[in-house]
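Listed below are the residues making up each chain.
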Amino acid sequence: KLIQQHVYSTARWRHVRNSYFMEHPLCQKCLAEGRTSATQEIHHVIPLKTCAGNIPYLHELAFSWDNLQALCCSCHEIVHQELRLKAQNKRKFTP
């Protein structure tokens, strides 16, 4: 979590985030479902915690537009709930 917090405190992240916001003012998930909601969060599709301390990979995940998704708060929460459920199910079935 400390490494993730470091990313979010950098000028580079603020620039990437602001640029992505300007290019994607509407929630991408809502748009795909025929709704329009303002973007409120920039989500990392592949979570930063998956880098496991690999700094070059962390930077690739953190700053690549290919790993970003513009979401409203509701969609962002739904995405994170789905990720938590997947993680719980994986732990349940992992011997």
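Cut-off values and rules
Residues numbered from 1 in each chain as written. Predicted model: local features only at pLDDT ≥ 70, side-chain atom pairs only at ≥ 80, totals over all residues. Heavy atoms only, no water. 1 Å grid on protein atoms, 1.4 Å probe; cavity = no way out; pocket = protein on both sides within 12 Å on 5 of 7 lines; lining within 4 Å. Points joined across faces, edges and corners; volume = space filled by probe spheres on them. Nonpolar A, V, L, I, M, F, W, Y, C, P; charged D, E, K, R; others polar. Buried < 20%, exposed > 50% of the residue type's maximum accessible area, 1.4 Å probe, protein only. Helix = DSSP H or I, 4+ residues; strand = E, 2+ residues; numbered from the N terminus. Contact = heavy atoms within 4.5 Å. Axes fitted to C-alpha atoms, helices over the stretch in contact; angles between N-to-C directions. Parallel < 35°, antiparallel > 145°, perpendicular 65-115°, else oblique. Core = buried A, V, L, I, M, F, W, Y, C linked by side-chain atoms within 4.5 Å.

A. The layout of surface pockets, seen in detail. In this model, the largest pocket occupies a volume close to 600 Å³. Residue lining of the largest pocket: 20 residues in total, with Gln-4, Tyr-8, Pro-47, Lys-49 and His-80 positioned closest to the centre. Taken together, the residues that form the lining of the largest pocket break down as seven nonpolar, seven polar and six charged.

B. Structural context of helix H4 (residues 55-63). Listed as buried for H4 are Leu-58, Leu-61, Ala-62 and Phe-63. In the core, the buried residues of H4 are packed alongside helix H1 (2-8), helix H2 (11-23), strand S1 (41-44) and strand S2 (68-71).

C. Seen up close, the packing of H2 against H4. Contact pair H2 / H4: the axes reach a minimum separation of 10 Å and the direction vectors enclose 30°. Relative to H4, the element H2 is oriented roughly parallel. Together, Arg-12, Trp-13 and Val-16 of H2 and His-59, Ala-62 and Phe-63 of H4 make up the contact between the two elements. Partitioned by chemical class, the residues of the contact of H2 with H4 number four nonpolar, one polar and one charged.

D. Layout of the nonpolar core. Ranked by size, the top nonpolar core spans 13 residues in total, and within it Val-7, Trp-13, Ile-42, Leu-48, Phe-63 and Leu-68 carry the most contacts. Elements represented by at least two residues in this core include exactly H2, H4 and S2. Examining the composition of this core, we find that four residues originate from one element, H4, more than from any other. Trp-13 has contacts with Val-7, Tyr-8, Ile-42, His-44, Ala-62, Phe-63 and Leu-68, leaving out every residue within four places of it along the chain. Of all hydrophobic cores here, the second largest spans six residues; its members include Cys-27, Cys-30, Leu-71 and Val-79.

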